[in-house]
Structure formats: structure tokens, C-alpha cells
Amino acid sequence: MASEPADGVSDDLELTYPETDWRGFFTNHFGPSMLWALISIGASHIVLAPTLGGHFGLYAIWIFAVIYLAKYGAWELGIRYNYGIGRNPVEAYGDLPGPGNWMQWFTVLVFTVAYSGITAAVGMSTAAFVAALTPLSFTWAFVVFVGLAGLLVFFTRYSLLEKILIGFTVALGAFILIAVVVGPPSTEVIAATTFTSPDLTGPLFVGLFAAAAGFAPTGFSTSVLIGSWSTAKGEGANELRANGLDPTDEQYREYIGQWIQTGRRDFNIGYVFSFVLLVAMVVLASNVLYPEPPGDDNLALTIGSILSGSFGEWSYYAMVVGAFAALYSTVITLLDGASRATGDALPLALDKPDLDSELIRKVVVVGIVVVSCSVVVTLGTVPVTFLVWISAILAITEIAFYPANWYIVREHLPDRFQPSTTWVIYYVLSLALVLLFGVMGAASEFGYV
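Quick caveat, the model's predicted, so the values are computed rather than measured.

What counts and how
Residues numbered from 1 in each chain as written. Predicted model: local features only at pLDDT ≥ 70, side-chain atom pairs only at ≥ 80, totals over all residues. Heavy atoms only, no water. Helix = DSSP H or I, 4+ residues; strand = E, 2+ residues; numbered from the N terminus. Rg over C-alpha atoms; globule rule 2.2 N^0.38 Å. Buried < 20%, exposed > 50% of the residue type's maximum accessible area, 1.4 Å probe, protein only. Contact = heavy atoms within 4.5 Å. Lys, Arg positive; Asp, Glu negative; His and termini not counted. Charge placed at Lys NZ, Arg CZ, Asp CG, Glu CD. pLDDT = per-residue confidence, 0-100. Core = buried A, V, L, I, M, F, W, Y, C linked by side-chain atoms within 4.5 Å. Axes fitted to C-alpha atoms, helices over the stretch in contact; angles between N-to-C directions. Parallel < 35°, antiparallel > 145°, perpendicular 65-115°, else oblique. Left-handed = near helix turned anticlockwise from the far one by under 90°. Phe/Tyr/Trp six-rings, centres within 6.5 Å; stacked < 30°, edge-to-face > 60°. Lys NZ or Arg CZ within 6 Å of the ring centre and 35° of its normal. Salt bridge = Lys/Arg side-chain N within 4 Å of Asp/Glu carboxyl O. Patch = residues over 30% accessible without salt bridge, like charges linked within 9 Å, V, L, I, M, F, W, Y side chains within 5 Å. Areas by Shrake-Rupley, 256 points an atom, 1.4 Å probe, with all protein chains shown as cover. 1 Å grid on protein atoms, 1.4 Å probe; cavity = no way out; pocket = protein on both sides within 12 Å on 5 of 7 lines; lining within 4 Å. Points joined across faces, edges and corners; volume = space filled by probe spheres on them. Nonpolar A, V, L, I, M, F, W, Y, C, P; charged D, E, K, R; others polar.

A separate point is the overall build of the protein. Within the protein, the regular secondary structure consists of 20 helices and 0 strands. For a compact globule of 449 residues, the expected C-alpha radius of gyration is about 22 Å, and the protein comes in at 22 Å, within 12% of that figure. Taking all 449 residues of the protein together, the buried fraction comes to 55%. Excluding contacts between residues fewer than 6 apart, the proportion of contacts in the protein whose partners are at least 24 apart in sequence is 82%. Averaged over its 17 positive side-chain charges, the protein has a centre that lies 4 Å from the centre of its 34 negative ones.

The next point concerns the confidence of the model for the protein. Per-residue pLDDT for the protein averages 89, and the proportion of residues at 70 or more is 94%. Averaged pLDDT values for the elements of the protein fall to 72 in helix 15 (residues 308-311) and rise to 97 in helix 19 (residues 401-412). Considering only residues more than four positions removed or in separate chains, one finds that residues 5-11, a stretch of pLDDT under 50, has 12 contacts.

Turning our attention to the nonpolar core. Burial of nonpolar side chains together is a common tendency in soluble globular proteins. Counting residues in hydrophobic clusters, the biggest one holds 142 residues, and the most contacted among them are I46, F64, Y93, Y115, F129 and Y402. The greatest single-element share of this core, amounting to 16 residues, is contributed by helix 16 (residues 315-350). The residues contacting Y93, other than those within four sequence positions of it, are M103, Q104, T107, S223, V224, F401, A404, N405 and I408.

Here we take up the packing of helix 18 (residues 383-397) against helix 20 (residues 421-445). At their nearest, the axes of helix 18 and helix 20 sit 7 Å apart, and the two run at 135 degrees to each other. Relative to helix 20, helix 18 is oriented oblique. In the crossing of helix 18 with helix 20, the sense of the turn from one axis to the other is left-handed. Contacts between helix 18 and helix 20 involve W389, A392, I393, A395 and I396 from the first element and F437, G438, G441, A442 and E445 from the second.

Using the criterion set out here, one finds 36 aromatic pairs in the structure. Ring plane angle 65 degrees and centroid distance 5.3 Å describe the contact between Y72 and Y271, whose orientation is recorded as edge-to-face. With a gap of 199 residues between them, Y72 in helix 4 (residues 59-85) and Y271 in helix 13 (residues 253-288) connect regions that are remote in the sequence. Like Y271, Y72 is buried. Over the aromatic face of F154 sits the side chain of K362, whose NZ or CZ is 5.2 Å from the ring centroid.

Bringing the environment of H55 into the picture now. Within the secondary structure layout, H55 lies in helix 3 (residues 43-56). In this structure H55 comes out as partly exposed when scored by relative accessible area, which is 30%. C-alpha separation for the pair H55 and L208, spaced 153 residues apart in sequence, amounts to 9.4 Å. The contacts of H55, once residues within four sequence positions are left out, are L204, L208, Y290 and P293.

Next up on the list: the side chain of T119. Following the sequence through the fold, T119 ends up in helix 6 (residues 102-133). Judged by relative accessible area, which is 0%, T119 ranks as buried. Excluding residues that lie within four positions of it along the chain, T119 makes contacts with F142, V146, V331, L334, L335, I368 and S372.

This next bit is on unusual backbone geometry. With an omega of -10 degrees, the peptide bond running from A216 to P217 counts as cis. Checked against the element boundaries, P217 lands in the loop between helix 10 (203-215) and helix 11 (222-232). In this structure, P291 follows Y290 across a cis peptide bond, with omega equal to 5 degrees. Inspection of the secondary structure puts P291 in the loop between helix 13 and helix 14 (299-304). The phi torsion at N101 lies on the positive side, around 55 degrees, for a residue other than glycine.

We now examine the pattern of salt bridges. One pass over the structure, following the stated rule, counts 7 salt bridges. The partner of E76 in a salt bridge is R264, with the nearest N and O atoms 2.6 Å apart. Here the residue E76 occupies a position in helix 4, and R264 occupies one in helix 13, the gap between them amounting to 188 residues. A relative accessible area of 1% places E76 in the buried class. Classification of R264 by relative accessible area gives buried; the value is 12%. With a closest N to O distance of 2.7 Å, R361 and E358 form a salt bridge. With R361 and E358 both in helix 17 (residues 357-379) and 3 residues apart, this pair spans about one turn of that helix.

Moving on to a nonpolar patch on the surface. Nonpolar side chains collect at one region of the surface, where L136, W140, V143, V144 and V377 lie side by side and expose about 440 Å² of accessible area between them. Looking at the nonpolar patch, the element that brings in the most residues is helix 7 (residues 138-155), giving 3 residues. Summarising the element assignment, W140 is placed in helix 7. Take W140: its relative accessible area is 55%, and that puts it in the exposed class.

Further remarks concern empty space enclosed by the protein. Tallied over the entire structure, the rule returns 4 cavities of 30 Å³ or more. In terms of lining, the largest cavity is formed by 18 residues, of which the most central are I39, F215, T218, G219 and L334. Elements represented by at least two residues in the lining of the largest cavity include exactly helix 2 (32-40), helix 3, helix 6 and helix 16. With 3 residues, the single largest contributor to the lining of the largest cavity is helix 6. In this structure, the second largest cavity encloses a volume near 70 Å³. As for the second largest cavity, its lining consists of K71, A213, G214, G219, F220, L394, A395, E398, I399, V434 and F437. Of all the secondary structure elements, the ones that give two or more residues to the lining of the second largest cavity are helix 10, helix 18 and helix 20. Of the residues in the lining of the second largest cavity, the class split is 7 nonpolar, 2 polar and 2 charged.

Rendered as C-alpha cells:
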């Protein structure tokens, strides 16, 4: 849509309204959600989806559907805040009740300590595929490739590699979707697993459900990352702030409302894409792997065979290369996102806005690489076991981002953009489920089941 003045705004000030047609939307506004989706198309899709599909068959689809439905609200609130106020949610976390800047300190802790573990987990899975393709041992594959990712992020010269990896990831997604059509599960597997519930209180189900809840599609902390990417586009309330205008002013209500809808549309596309691809992986795993899921010692071999039933033996290498690309792009994005988020959050937590964010970013990159390499050298070849363990931890630790995003929306957005009663009911129910996921994660981690 052509630029036009908002109601009550002087004619010499033109604000850019979002394009309303799909062509204009994809040309000018689409993007942040796909960066977010590419984080999810890593360990959750390549490792956890086949693991749950291998254990539970098509019943795993219901598990992931509940998780996606419950977790959506945290990101929707973040999008609502970002496009309505024009700031990253982490900037408002300092307004939460409690000790000074505690949520911003918690954010720093997540993006340094927790993301070191996440990088180690995804890096282990990446190393398993590298070891299957090269003479490198698992440990050396991890050190070399995670170290290289650290160098690329440190010097911020990885754009070409990132585009190549995204290309492989998109190609892998197309492969997987086509493979489901070519080689769907047998009628026996469909009948035996689609509506057959496993032992819902057993340690296997609770542990794997908690892992999926922690890592699929991503952790809640990525609401900070998608906030950064959305803010960088300079749309919506960001444009108002760039012109020295107040986004909460009543005269901009129509303008802000349209941009919130555009931001939500962008995220919904990435969210649905992530879910559809994950379901496709569960379907393939149910067809090829059930009831023998991948393990620590055969991850690459097992995942590599997932397309063979549809395309033949040659597809083993296509799957291994594609899985490597998806996982490695996640490693790079994790390093870049965690370091940049820490660079933004730490000055806020310390109330020292003049701190050098670029220096913080580089220190965090080095720290995560060193810590994650130390974890791998200590633990050895346990890509599936460690991923499931760290994922369950995320189900516990990242809950705080959901109510935090709800609080800043309630406190900062004008009445016009407050959630409706229907949305509030959804938030209450979904947050209750998220808390239940955290209880399951705690029960699994501390041996109560």
C-alpha cells in the first residue's frame, strides 16, 4: 500500500502502511519468521521428531500438536509488543515487578549458560553427521565445525555460507514433504499408532514429552531474537520512533493495528511451516524407523535412511548432507543470536547503556564455543541423550519468558491493542499447559518418574 498520512497526522508526514495483498507482503514484509523457523528446523526436526516417531509412531503428531498449540501464545505476545511499541521485549523486562532488572539478568543467563548447552547439543548432532561423511572423529568434527562457526560469527563474515546452508535446508524440507507423499506409512503402522496412547506416566513418555516441549519448535527465549529481527526491519512502531513519534498516541491506532496484524501474519507462516515439516518428519520416522528410534551410536545412519523408502539408497547422502546443513545453520544462528541478545541485554541489566555491545558479543561467542567444546570432550558421543536432557531443562527454565511477555503487553500497550477476552482465556489455558510441561521436565530430570 502506498504511504499515506495517519489520521490526525499532518500531511507533510507520510507513514508507510503495510501491503495488504500477498505479493506485496512477501516482497516487503516477510522474513523474520523464516529466520525464526530456521532455528527450529534443526535439532527438534532432525533429532527429536524422528526419536518420538520411532518410539510412538504417528501418536507423536498429537504430542507435537499440543506443544505447538500451547507455546504459540508466548511468541504472539512478543510480536504484539514488538510491532505495537517498536522495541525488543527484552528492553521492557526491566519493568517487571521484583528485584532490579532480574528478568534481564535471567535473559543474560539463558543466552550465555543455557545456550552453551544448546550449542553443545545441536553441535553434537551436527558432528555425528560430519563423522558419517568424513574421516574426522566425532570429537574432532565437533571442535572443527563449531570452532569454525564461532570464527564466522566472531568476524561476521558468514552471510554467503548462511545462504548456502539455508538453501540446503529448504531443499531438505522439499525432499521430506515429497517423501511423505511418495512413501506414506503402512496401514498397519497407521492403525497401530495413530490413536494408541503409550504409558503417559512412564519415564520414557514423560522424558521425551518434556524434551519435545523444551525444544520444539524452539525455546521461548527466541521471542527476544525474533524481536531483534523484526525491529531491524524498521516497520510499524519502529518507524514512528525513528520519526520521534509516540506509538501509543491515539492518532496512530489504525496504523499500529495494521502492523500488528502484519507481524502476526509473518510469524504465523513461519510457525505453520515449522509444524508441517515436523509432522512430515514424524510420518517418515513412523514409516521407516518405528519401533526402532535413532540412538547415540547410529544417529546419522538411522536419520540418513529415512528417505530411502521413498527415493532409494542414493537419498542417504542427500539426507545426511541436508541434515548437516539444517543443524549447522542452527549452530551458527544460535551463536549469532545468543551473542547479540546478550550484547543487548547485559547493558540493560547493568543500567549501563554505554557498554560496548560489540565487545560483549565477541566475548560471548568465544565463551560459548569454549564451554560447548569442553562439554563434548567430557561427555563423548552422546548426541541424542544430551539433546533430550538439555531439551527437558529448557522446558523448565524458559517458562518465565511467557508471563514476562504477557506482563509487558498488559502494561505498555494501549487499550486498543490489549488482548481480547478470547485471547486471555487462551493465554491462561496455554500457560497452564506450559507449566505442566515444566513439571514433566523437572520430574524427568530429577528422577521422579
